[in-house]
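Observations on the three-dimensional arrangement
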Amino acid sequence: MNQHHESTGPADEQQITLRGPAELADALPYLMGFHPNDSVIMVALHGGRGRFGGRLRLGIPQSPQEWAPVAEQLAECLIKGSERRGERPDAIVIFLCQDPAEGESGSQIMERLRPLAQRLRTACGALDVPVLEALCISDGRYWSYCCPDERCCPTEGNRMAMPGTSVMAAAAAYAGIQVRGSLREMEARLAPLETSAAAGQQRALDSAGAELMPRLLDEAGREEVARETLGLARQLMKRLREAPVSAPSASDVDDDRLISHDEAAAVILGLQDRETRDRAAEWMEGPEADSALRLWRALSRRCVAPYEEHAAAPLTLAGWVSWSTGDEAGARVALGLALRMDPAYTFAQLLHEACNQGLDPETLRRCLRGERSARTGRHRRRTDRSARPRAARPAATRRKKAPSGSARPESAATRRRSGRATPTRRVSGGEG
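A short tour of the structure in this document, coming up.

Cut-offs applied
- Here, residues in each chain are numbered from 1, in the same order as that chain's written sequence.
- pLDDT decides what is reported in this predicted model: residues at 70 or higher carry local features, side-chain atom pairs at 80 or more are listed and counted, and totals for whole chains, interfaces and linings draw on all residues regardless.
- For the side-chain quantities, the full set of heavy atoms in the structure was used; hydrogens and water were omitted.
- Numbering of helices and strands runs from the N terminus; a helix is a DSSP stretch of H or I covering at least four residues, while a strand is a stretch of E covering at least two.
- Summary of the burial criterion: residues with accessible area below 20% of their type's maximum are buried, those above 50% are exposed, and those between are partly exposed, where the area comes from a 1.4 Å probe applied to protein chains only.
- Under this definition, polar contacts are N or O atom pairs within 3.5 Å; protein pairs additionally need one hydrogen-donor-capable and one acceptor-capable atom, and for neighbouring residues in sequence, both atoms have to be side-chain atoms.
- Throughout, a contact is declared for two residues whenever any of their heavy atoms are within 4.5 Å.
- Note on pairing: two strands pair once DSSP finds at least 2 bridges between them.
- Orientation is described by axes fitted as lines to C-alpha atoms, over the contacting stretch for helices, and by angles from 0 to 180 degrees between their N-to-C directions.
- A pair of aromatic rings is counted whenever rings of Phe, Tyr or Trp (Trp by its six-membered ring) have centres within 6.5 Å, and the orientation is called stacked for planes under 30 degrees apart, edge-to-face for over 60 and tilted otherwise.
- Put simply, a salt bridge is a Lys or Arg side-chain nitrogen that is within 4 Å of an Asp or Glu carboxyl oxygen.

Moving on to the side chain of S144. Locating S144 in the fold gives a position in strand β7 (residues 141-144). Relative accessible area serves as the criterion here: at 11%, S144 is assigned to the buried category. A distance of 3.1 Å separates a polar side-chain atom of S144 from the backbone nitrogen of C147. Once residues lying within four places of it in the same chain are set aside, the contact partners of S144 are P21, E133, A134, L135 and C153.

Here you go:
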C-alpha cells in the first residue's frame, strides 16, 4: 500500500491527515459534497503534506475511444487551471467511481476501467505532475491502481468503511459538512419532468415560442420581452417565497404546483436571451437567493423534450446561485448538467471552471452589483429628466413649419443611399 498523507485544509486551520487508499476513498464524498457515481474525479495536491486543492469531475465516457483525449483534456484543465491561480500541483489523486450493471461485479468494473486510469496517469505524467494514487470505487469496495501488493490491495478489493465511522466522517460532522446523497439523486432534482404534466409543458413551450420569436427578432420587441421575463420571474419568486414551508422531500413537488405551464414557458424562453439571463443572475444573495434558486430548479425541470437544451440557462443560474451562497457541491452538479445539455454554453463553462478551481465568487458578485447599481442610476436620471417641467419656447425662436410634403417618412431606399441601415439582431438558442 502506498503510504502518504493528505491534509484537508491550509496550515492555519485544523487539519485531518489521511493515510492510505482506505481513508482517501472514505474522504471522497466529503470532498465533493455527495457520493459520486459514474464519475472521473481528479484532485490536485499541494506542498509536502499534500494539501487538497482544485478538483474536477466528469462523467466516465462510455466509449473507450474517448478515454485518451478526455484524459489529456482533464489533466491539462486541472494542472493549467491551478497554475493560473499561481499554485502548480505537486501531485494528483484520481478516483474512478462506477456502480456495477446487472450481472457485473465490482472487480469487473475495476478491470474494465484500468486502461482509463492508466491514460489519466500518463496524461498527468506528460505534464510533469505525478499521480500519487488512483482508486476505483465500486459496489462498496475500493481498489488501488498504483499498489501492486496483494497483501494490502487484494484482487477482490477492500471493503469501504461503514458510513460515519471514519476520522474524516467525525471531522466533517464537527465542521458541519454534510453529504447530500448520491450524485444521481441530486441530478434527479434538476431533470426534466417525466410525468403526465410533461405533455402540457411541451404544448406551452410550443405556443410561447411561436408568440415570442417574432418579437425577439425586433430590437424593441426584444427589450419588451426582457422586461416581461424579469417581471414574471420576480412574481414567481415572490410566490415561492410566500408559500408555506414544505418538508424537504416534498418541496420540489410543491414548487412545481405553484408555477403554471404558461408561466414556466415564458420565463424559460425569455432566459435564452443572454442579456436577460445576466440580469437574472443578479439575484444571487440575500433574501432573493433562496427563492431564485428554487425558481431556476423548477424551470430546469420544465425543459421537457424536445426543449432539453433550453435548460442550460436555468441550470447555469441555479449553479451560479448555489456557488454564490456557498453550496459548491450543488453548483458543480447544476453546472455539470448545464454543460451536458449544451457543451458550448460559455457562461456555464466559465462558472464550472472557476468553481472547480476554488475561486472566490465575490469577484463576480461585485461585478453584478456594479451593473445593477449603474443601471439603477441611469434609470433615476432618466426619470428625473422626464419629471422636470419643460420651459416654453419663446414665440420668436420657434422653428418654422416645414413645407407640405417635405416630412414624408424616410424610405428604406433613402436609408440605403444615405449609408444608414436598420439595426438587426441575430437570435439563436446558443450562448453568447
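What follows is about the environment of D90. Examined against the element boundaries, D90 turns out to sit in the loop between α2 (67-84) and β5 (91-97). The class for D90 is partly exposed, based on a relative accessible area of 44%. In this structure, the C-alpha to C-alpha distance between D90 and V131, residues 41 residues apart in sequence, is 9.2 Å. Discounting chain neighbours no more than four positions away, the residues touching D90 are L45, H46, G47, V129 and P130. Here G47 takes part through its backbone nitrogen, which lies 2.6 Å from a polar atom of the side chain of D90.

Now for unusual backbone geometry. Looking along the chain, the bond that leaves A305 and enters P306 is cis, with omega of 5°. Of note in the backbone geometry, D38 takes a positive phi value of approximately 50° without being a glycine. Topologically, D38 is positioned in the loop between α1 (20-32) and β3 (39-46). Unlike most non-glycine residues, D128 shows phi in positive territory, near 65°. Relative to the assigned elements, D128 resides in the loop between α3 (106-126) and β6 (131-138).

This part is about the sheet that holds β6. Strand order in this open sheet of six strands is β4-β3-β5-β6-β7-β8, and the pairing throughout is mixed. Both edges of this open sheet fall to β4 (51-59) and β8 (158-159), since each of them pairs with a single strand only. Examined bridge by bridge, β3 and β4 share seven bridges and lie antiparallel to one another. Bridge assignment links V40 to a residue of β4, and that residue is L58. Against the sheet, α3 engages β3, β5, β6 and β7, with an angle of about 155° to β6.

Another point: the side chain of R215. Among the secondary structure elements, R215 is positioned in helix α6 (residues 197-216). Classification of R215 as buried rests on a relative accessible area of 18%. At a separation of 3.2 Å, a polar atom in the side chain of R215 contacts the side chain of E211. In contact with R215, other than residues within four places in its own chain, are G221, R222, E224, V225 and E228.

Glancing now at the packing of aromatic side chains. Here the structure, examined in full by the defined rule, presents two aromatic pairs. A ring pair is formed by W320 and W323, whose centres lie 5.9 Å apart and whose planes are at 70°; its orientation type is edge-to-face. On the criterion of helical spacing, the pair formed by W320 and W323 is a turn pair, its members being three residues apart in helix α12 (residues 312-324). With respect to burial, W320 and W323 carry one shared label: buried.

We now examine the pairing of β7. Looking at chain direction, β6 and β7 are connected through four bridges and run antiparallel. Bridging across to β7, I137 finds its partner in Y142. Linking β6 back to β7 in an antiparallel pair, the connection comprises two residues, with D139 at a positive phi of about 55°. For β7 and β8, the ladder comprises two bridges, and the chain directions are antiparallel. The residue of β8 that forms the bridge with Y142 is N158.

As a further point, take the pattern of salt bridges. Evaluated as defined, the whole model comprises 31 salt bridges. The partner of D256 in a salt bridge is R301, and the shortest N-O contact between them spans 3.1 Å. Note that D256 is positioned in helix α8 (residues 251-257) and R301 in helix α11 (residues 287-301), a separation of 45 residues in sequence. Where E362 meets R365, a salt bridge forms, and the shortest distance between an N and an O atom there is 2.8 Å. With E362 and R365 both in helix α15 (residues 362-387) and three residues apart, the pair spans about one turn of that helix. R365 shares its class with E362; the two are buried. One continuous salt-bridge network, built from bridges that share partners, spans R189, D252, D256 and R301.

By themselves these figures say nothing about function.
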